[in-house]
Amino acid sequence: MAEAISFGEEQELIASSALDFMRSRCSFEAVREWMETEAGYDRALWREIAELGWLGISLPEEYGGSGLGATEQISVVEAMGRQVFGSPFLANTLAAELLYLAGNDEQKQHWLPQLISGTRVGSVALGESSGAWDFGDFTARAELDGSQIRLTGEKCFVLDGGNADLLLVACSLGGKPVVVIVERSQVPDTALRVERLVDETRRSARIRLDGVSVPKESLLTGADASGALRRLQLKGALLVSAEMAGAAQGVLDLTLEYLKTRVQFGKKIGSYQALKHPMVWIMVGVEHSRSLLYRATTLWDAGGGSEELENAVRMSKVQSGDACTHAVDRAIQFHGAFGFTWDCHAQLFFRRAQWAEYTFGDAAHHRRHLSELLFKDDAPLSVSSS
Amino acid sequence: MSAEPEVSQIELDTFRAEVCRWLDENTPSAPAFKLPDSFLEVSSDEQFEYLRAWQRLVYDAGYLGMSWPSEFGGGGRPQIFQDIVNDEMAAGNHPFMLNIVGLMWAGPVILKFGSDEQRRRYLAPMLRADEIWCQGFSEPENGSDLANVQTTAIRDGDDYIINGTKIWTSLGTQAHHMILLARTDPSAGTKYQGLTFFLAPVDHPDVEKRPIRKMTGEFGFNETHFNNARVPASCVLGEEGQGWAIAMATLAFERYAEGGQAGGLDMVQLRVSELVEMARECRLDGRPAIEDPVVREELVRLSVEERAIEMNDLRRHIPGLCRERPDAIGLMRKLVTSEFRRRMTRFAVSLQGEAAKLYIGDPGAVEDGDWQRHYMNAYSVTIGGGTSQIQMNILGERVLGLDKG
């Protein structure tokens, strides 16, 4: 029997150094500066993050990765979430993982070292205007035309789409899902529209593919794309879950600090049970989130492709999502009028939570899937129709 | 606790198999009468004797108090063995222990604060349920404000003379001993000072008990009156005046914030999987409840929380994953598990459609109305041992560092 929750020294070392790094280099003031820029992140800091090895933390050393697991990877993501850090980290990480999962040897050897070293930024183009979180029936299409692949359709919510040098585009070819590598230079500027997000520390784009044509070697042919995409979807949910667990802790800290300094009626407001008791439930939510998150990463690293893993990842996203969206909601309220000002950092967490909740499936979506997994012998409600 | 010797996985696996076999062969069949939900609601002699016989059987087989020192009746083995027994008992929902106040609260504090003479005197009969224990903390006027106890114990030669009333005394009518918090120095500076912790005899001519009926119609707890009850000074646990600290240690054991309990189960185990089964059987508006999207959603919510609680219990033993708030999971356990039980039992009743109104004894009641009773009895855990509201104060102040109100 595998360990229920794994723990190693490497993990603790990475977790504490990631937290130190994020706290010292990514203050809320710095985050606010970056969010005013077009790219939304600081390229010098990005290079430092690459040097720390975080961009390939869970990928094999032969491609420049660190050869560690999801357990170490989420330690970094949790720390990022605590400081509402943006950057193309999620986009680049998922692009590298999708290449690793579905690319052939040549594709991996060519692209992975570039993504892991941070010299090129990658992203994944998964979503479409339907807003469906279960990817598979892509309306974006690829057609073979001699030595070229011609693309049609539109991809939405492309993480850091405007920042990416390299896009892994999910589309259908002959009715089957495939992934095609598209370089940014192959997409005309007019085909890319930056989306306006609730979370201003994040970037995403909508990309029209009509007229885009790439060499047929751009098709990922290392493995079955639908399996790889399913796995990537789960990984995305896991990483965003870690980000939300971190953000919930970050906003808990922020709110506690206020409750310990703000005085009304001659007392610190944190002494009032109307505020104290809900703070306890926020803490409980964070503790639950961490336990389920570490359970999911343990199963991930144990190498399962099993239903148990899917179950654990979905539970993790549900719990982190519920805990984080609740924590930010109360954070605004408990800061009083200051809470809904631009200057109060609670808004950063609030907007991040709104972004993260609806990325890789909200809690309701994962609960519907969990009901299929948990009660599968019972007359199932169709997930798509509910 | 000192470092425990390494035990091989093979030894543990063998032991687990042995425990499973023993439980299969020795767990008594369900009696003709109804058993209570926990030791708190023991209302009849037949319930009492059944549960006492079970505890005795488990102890005599060597499966209770396994980590307590062997010189005091324990097994002298690493805690992991008792954990395995507890796991298997929970998994099979075997009957719970009777003498919980002794096994889980009084025993660990006697081990921690008692003299060897006290340990020798009390622990073995406690483990074997030969002597039953009850708790005398709450008073009619002092529940959550525990430190305000008014019961007095005044020194008189080699004895103390006790006067006052304790309330919510579970197993009070059958108990031989009470862990009792009393004021020995009424002139002490603050309410926390001048308190002393007694291991008081309560099968005593000057101790009077009056049973109190619960909302479920069951009995189990009592009002206990001390009328100039004379007890020997050897009943004091620790030092005179140390009562508050020992009472706090007792509550840490009671809330499972600290380990060291004798083991066994303390109540009927309720699992979300039982609700899923019930949702398959019960019909709402003519359809199986399990097909209702609202029902499915809540079942998933409960499943996620149940799993989170299980994972918390594992994570709390990995210090590297609890650095931020080392005590949080332990201290929140009572709040979280009791509130979860209340929410789960309330939802279980709602799965039954109109039959949800039927109670124990009605032939049409679903599962004989057990869930209706589980729901009502769930409050014994959200209130007993410090209400959820007090737990939130403790967590807010001690773990989150917020000011006292």
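Computed from a predicted model, the values in this text were never measured in an experiment. (Residues numbered from 1 in each chain as written. Chains lettered and ligands numbered in written order. Predicted model: local features only at pLDDT ≥ 70, side-chain atom pairs only at ≥ 80, totals over all residues. Heavy atoms only, no water.)

J.: I'm lost on the packing of helix 7 (residues 225-259) of chain A against helix 8 (residues 273-301) of chain A in this one. Help?
T.: Geometrically, a packed helix pair is captured by the angle between its two axes and the distance between the axes. Residues and elements named next belong to chain A. Running from amino to carboxyl end, helix 7 crosses helix 8 at an angle of 155°, the nearest separation of the two axes being 10 Å. Taken as axis vectors, helix 7 and helix 8 run roughly antiparallel relative to one another. The hand of the helix 7/helix 8 crossing is left-handed. Considering only residue class, the contact of helix 7 with helix 8 consists of 16 nonpolar, five polar and three charged. (Axes fitted to C-alpha atoms, helices over the stretch in contact; angles between N-to-C directions. Helix = DSSP H or I, 4+ residues; strand = E, 2+ residues; numbered from the N terminus. Parallel < 35°, antiparallel > 145°, perpendicular 65-115°, else oblique. Left-handed = near helix turned anticlockwise from the far one by under 90°. Nonpolar A, V, L, I, M, F, W, Y, C, P; charged D, E, K, R; others polar.)

J.: Whenever I open this one, the domain arrangement of chain A confuses me. Can you help?
T.: In many reports, interface size means the accessible area that the parts give up when they come together. Residue and element names in this part refer to chain A. Here chain A is described as being made up of domain 1 (9-120), domain 2 (123-222) and domain 3 (226-375). Distance from the C-alpha centre of domain 2 to the C-alpha centre of domain 3: 29 Å. Domain 2 puts 16 residues into the contact, and the matching count from domain 3 is 16 residues. Between domain 2 and domain 3 lies a buried interface of about 1,500 Å² when both sides are counted; carbon and sulfur atoms form 65% of it. Where domain 2 touches domain 3, the interface holds three salt bridges. Here Glu200 makes a salt bridge to Arg351, at a shortest N to O gap of 3.7 Å. Remark: the boundary between domain 2 and domain 3 carries seven residue pairs in polar contact (both at pLDDT 80 or more). Counted by class, the side of domain 2 that touches domain 3 contains eleven nonpolar, one polar and four charged residues. (Domains from an automatic or database assignment. Contact = heavy atoms within 4.5 Å. Buried area = accessible area lost by both parts, 1.4 Å probe. Salt bridge = Lys/Arg side-chain N within 4 Å of Asp/Glu carboxyl O. Polar contact = N/O pair within 3.5 Å; in protein donor to acceptor, adjacent residues only side chain to side chain.)

J.: Just checking my understanding: could you explain the interface of chain B and chain A for this structure?
T.: Tallying the contact residues gives 45 residues for chain B and 47 residues for chain A. In total, about 4,100 Å² of surface goes out of reach between chain B and chain A, with carbon and sulfur atoms giving 65% of it. A per-residue breakdown of the area chain B buries against chain A is headed by Arg296, Leu400 and Leu402 of chain B, which together make up 16% of the total. Applying the counting rule to chain B against chain A returns ten salt bridges. On the surface where chain B and chain A come into contact, there are 18 residue pairs in polar contact (both at pLDDT 80 or more). Of all the secondary structure elements, the ones that give two or more residues to the side of chain B that touches chain A are helix 7 (272-281), helix 8 (293-315), helix 9 (328-350) and helix 11 (388-399) of chain B. In terms of residue count, helix 8 of chain B provides more of the side of chain B that touches chain A than any other element does, 16 residues in total. Across the side of chain B that touches chain A, the residue classes break down as 22 nonpolar, eight polar and 15 charged.

J.: What's the story with unusual backbone geometry in this structure? I'm lost.
T.: Across residues other than glycine, the phi torsion is negative in most instances, and most of the peptide bonds are trans. Residues and elements named next belong to chain B. Positive phi outside glycine occurs at Ala129, with the angle close to 60°. Positionally, Ala129 belongs in the loop between helix 5 (116-127) and strand 1 (133-136). Here the phi dihedral of Leu171 falls at roughly 60°; this positive angle occurs in a residue that is not glycine. Looking at where Leu171 falls in the secondary structure, it is placed in the loop between strand 3 (159-170) and strand 4 (177-183). Note on Leu171: relative accessible area 0%, which makes it buried. (Buried < 20%, exposed > 50% of the residue type's maximum accessible area, 1.4 Å probe, protein only.)

J.: Which parts of the structure should I look at to understand the pairing of strand 2 (residues 141-145) of chain A?
T.: Consecutive side chains of a regular strand alternate in pointing toward one face of the sheet and then the other. All names here are of chain A. The pairing of strand 2 with strand 3 (residues 148-152) spans five bridges and is antiparallel. Bridging from a neighbouring strand, Asp145 pairs with Gln148 of strand 3. Taken together, strand 2 and the strand that follows it, strand 3, pair antiparallel across an intervening segment of two residues, in which Gly146 is found at a positive phi of about 65°. (Pairing = 2+ DSSP bridges.)

J.: Please explain the sheet that holds strand 8 (residues 204-208) of chain A as it appears in this structure.
T.: Within a sheet, neighbouring strands are paired by backbone hydrogen bonds and run either parallel or antiparallel to one another. Residue and element names in this part refer to chain A. Spatial strand order, 4-8-7: three strands in an open sheet with antiparallel pairing. Only two strands of the sheet have a single partner each, and these edge strands are strand 4 (154-159) and strand 7 (192-194). Adjacent strand axes in the sheet meet at a mean angle of 20° when their direction is disregarded. Sheet analysis places strand 4 next to strand 8, joined by four bridges and oriented antiparallel. In the sheet register, Glu154 faces strand 8, and the bridge partner there is Arg208.

J.: What exactly am I supposed to notice about the packing of aromatic side chains here?
T.: Think of a pair of aromatic rings as described by two things: how far the centres are apart, and how the planes are tilted against each other in angle. Scanning the entire structure with this criterion turns up 18 aromatic pairs over all chains. Measuring from centroid to centroid gives 5.6 Å for Phe28 of chain A and Phe349 of chain A, while their planes differ by 75°, and the two rings are edge-to-face. Separated by 321 residues along the polypeptide, Phe28 of chain A in helix 2 (residues 28-35) and Phe349 of chain A in helix 10 (residues 346-357) bring together distant segments of the chain. Judged by its relative accessible area of 0%, Phe349 of chain A is buried. Seen in terms of ring centroids, Tyr375 of chain B and Tyr379 of chain B are 5.9 Å apart; in terms of plane orientation they differ by 40°. Their pairing is tilted. Linking Tyr375 of chain B with Tyr379 of chain B, this pair stays in helix 10 (residues 370-383), spanning four residues, or about one helical turn. The class for Tyr379 of chain B is partly exposed, based on a relative accessible area of 30%. Put simply, the rings of Phe15, Trp22, Trp54, Tyr63 and Phe81 of chain B touch in pairs and so form one group of aromatic residues. Here Arg202 of chain A stacks its cationic end above the ring of Trp355 of chain A, 4.2 Å away from the centre of that ring. It is Arg231 of chain A that lies over the ring of Trp300 of chain A; its NZ or CZ is 4.2 Å from the centre. (Phe/Tyr/Trp six-rings, centres within 6.5 Å; stacked < 30°, edge-to-face > 60°. Lys NZ or Arg CZ within 6 Å of the ring centre and 35° of its normal.)

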